[in-house]
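# Structure at a glance
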Amino acid sequence: MSARLLLGEPVAEKVRQRIGDLVTQLATEHVTPKLAVIVATDNQATNWYVSSIARAATKLAVACEVLDLGEATAETLAETIKTLNADEQIHGIILQTPLPQGIDASSLVKLIDPAKDIDGANPVSLGQLSVGQEAFAPATARSVIEILEHYRIPLAGKHVAVIGRSTVVGKPLAQLLLQLDATVTICHSRTVNLAEHTSRAEVCVVAAGQPHLLTANEVAAHSVVIDVGTHVTESGGLTGDVQADSVQPLVSALSPVPGGVGTVTTALLLLHTVQAAVNFLERSRRGECQMSVGR
Ligand code: NAP
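Each chain carries its own residue numbering, running from 1 in the written order of its sequence. Side-chain atom pairs in this predicted model are given and counted only at pLDDT of 80 or more, local residue features only at pLDDT of at least 70, and totals for whole chains, interfaces and linings cover all residues. Neither water nor hydrogens contribute to the side-chain values; these are computed over all heavy atoms in the structure.

## Side note on the overall build of the protein
- Within the protein, the regular secondary structure consists of 10 helices and 11 strands.
- For the protein, the C-alpha atoms occupy an extent of roughly 60 × 40 × 35 Å along the three principal directions.
- Burial classification: accessible surface area is computed with a 1.4 Å probe over protein chains only, and a residue below 20% of its type maximum counts as buried, one above 50% as exposed, and the rest as partly exposed. Taking all 295 residues of the protein together, the buried fraction comes to 48%.
- Partitioning the intrachain contacts of the protein with sequence separation of at least 6 by distance along the chain shows that 71% fall at a separation of at least 24.
- The method behind every accessible area is Shrake-Rupley, applied with a 1.4 Å probe, and residues are considered shielded solely by the protein chains displayed. A total of about 13,800 Å² of accessible surface is found on the protein, and carbon and sulfur atoms cover 51% of it.
- His is not counted, nor are the chain ends; Lys and Arg add positive charge and Asp and Glu add negative charge. A charge is said to be at NZ when it belongs to Lys, at CZ for Arg, at CG for Asp and at CD for Glu. Here the protein holds 21 positive side-chain charges and 29 negative ones, and the gap between their average locations is 5 Å. Numbering of helices and strands runs from the N terminus; a helix is a DSSP stretch of H or I covering at least four residues, while a strand is a stretch of E covering at least two. Note on contacts: a residue pair is in contact if any heavy atoms of the two residues lie within 4.5 Å.

## Some details on the domain arrangement of the protein
- The split of the chain into domains comes from an automatic or database domain assignment. Under the domain assignment used here, the protein contains domain 1 (23-122 + 264-285) and domain 2 (153-258).
- Put simply, the middle of domain 1 and the middle of domain 2, counted by C-alpha atoms, are 29 Å apart.

## Remarks on the side chain of Glu-146
- Position of Glu-146 among the secondary structure elements: in helix H6 (residues 139-150).
- Contacts of Glu-146, omitting those with residues within four sequence positions, involve Val-11, Val-15, Arg-18, Val-264 and Leu-268.

## Here we look at the packing of H6 against helix H10 (residues 261-285)
- Axes here mean lines fitted to C-alpha atoms, for a helix over just the part in contact, with angles spanning 0 to 180 degrees between N-to-C directions. The geometry of H6 relative to H10 is characterised by a closest axis approach of 8 Å and an angle of 110° between their N-to-C directions. The orientation of H6 relative to H10 falls into the category roughly perpendicular. Crossing handedness for the pair H6 and H10: right-handed. In contact with Ala-139, Thr-140, Arg-142, Ser-143, Val-144, Glu-146 and Ile-147 of H6, H10 contributes Val-261, Val-264, Thr-265, Leu-268, Leu-269 and His-272. Throughout, the term roughly parallel applies to angles under 35 degrees, roughly antiparallel to angles over 145, roughly perpendicular to angles from 65 to 115, and oblique to all others. Should the near helix be turned anticlockwise from the far one by less than a right angle, the crossing is termed left-handed; should it be turned clockwise, right-handed.

## Notes on unusual backbone geometry
- Cis geometry is found at the peptide bond from Thr-97 to Pro-98, where omega equals 5°.
- With respect to the secondary-structure elements, Pro-98 resides in the loop between strand E4 (92-95) and helix H4 (105-109).
- For the peptide bond that leads from Val-257 to Pro-258, omega is 0°, which places it in the cis range.
- For Pro-258, the location among the structural elements is in the loop between strand E11 (253-255) and H10.

## So, the sheet that holds E4
- Across the sheet, 3 strands lie side by side as E3-E2-E4; this open sheet has parallel pairing. Pairing within the sheet leaves two strands with one partner each, and these edge strands are strand E3 (63-68) and E4. Going from strand to strand, the sheet's axes swing by 15° on average, the running direction of each strand aside. When DSSP finds two or more bridges between a pair of strands, those strands are recorded as paired.

Shown next, in the form of C-alpha cells:
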C-alpha cells in the first residue's frame, strides 16, 4: 500500500477562486483589499517569503504594501502598526519575524487590530478562537484544516494528535479541530512516550520543527498524516517533520513537504485579507465605521 498524497496545490487553487469571487464583489463597491507587511530584517529567506506573498497578491488583484523598516526600533514598529490600524485603506497587517535583536514580537503583535490581524498573531485572536468566536486563525493552522476538508477526511469524533503547541500552529490548530468535533491530543517536547499518543490517532499533524521526527514506529496503520514542518536540506531542498519514506507505506494518506501545507498558507493569508475587507464593508454599512469611496 502507498499513501494517497494530500497535495496543497488543488486546495490553494480553490482558495484562489474564492479570493477571485470576493475581489470581484468588492470591486463593485470600489474597494480594493489591501495587505500591509512590516519587515524589519535583511534575512534572505524572510525577504523571499515576503516577495512571494506580494507576487501572489498582485496576481489576485489584492494590493500589497511591504514596509521595509530596516533595523527599526520597537517604538517605530509600534507606531507603524498604530498608523496601519488607523488607515482605512489597509485591511490586513502582518508583522513579519524575525525582528531586530532584543525586540519582543509578542508585545508588538498585541497592537495589531484584531479586525486586521489576518495571520492570527494577536493573542486576542487566539482567545476568540478558543471561545468559538469569529477570528482569523494563523494561516498555517487554517491550511491544515483546509487540506483535511478538501480531501474529505472526517474529523468529527476522530482522535487527532497534534505534535507541537506553538501559538502559531499547534494551539490554534487544536482549537480549530475542537470546533470540528475532533478529540484532540496535543503533544510537545515534554510529552512522555510520544508514540503511545500518536499511534492511537486516526489523524496525526506534526508541527514540531524537528526534521523526520515522526517515523513508521509512531503512526497507526491506515491513519492520515499531515506534515507542517519545513526545513531546508543541505542540498537546498525542503523536508518536513515526517520521515515520509517510512511512513508512506503504512498510512492511508500523507500531506507531504514540500507540496503540502506550505502551498496553501500564502493563499489563505490573502483570503483572510479579502475577508477582512468584506467585514469592513459590512461594518461600515451598519454604520460601525466610516468608509471613503474609491478605496
Ligand atoms: P515552534 O514554535 O518551535 O514549536 C515547536 C513545537 O513542537 C513546540 O511546542 C515544541 O514543544 C514541540 N516539539 C519540539 N520537539 C518536539 C519533540 N521531539 N517531540 C514533541 N514535540 C516537540 O515551531 P512552530 O513555529 O510551531 O513551527 C513548527 C514547524 O512548522 C517548523 O518546522 C516550521 O518551520 C513549520 N512551519 C511551517 C509553516 C508553513 O506554512 N508551512 C508555517 C509555520 C511553521 P515545547 O512547547 O515543549 O517546546
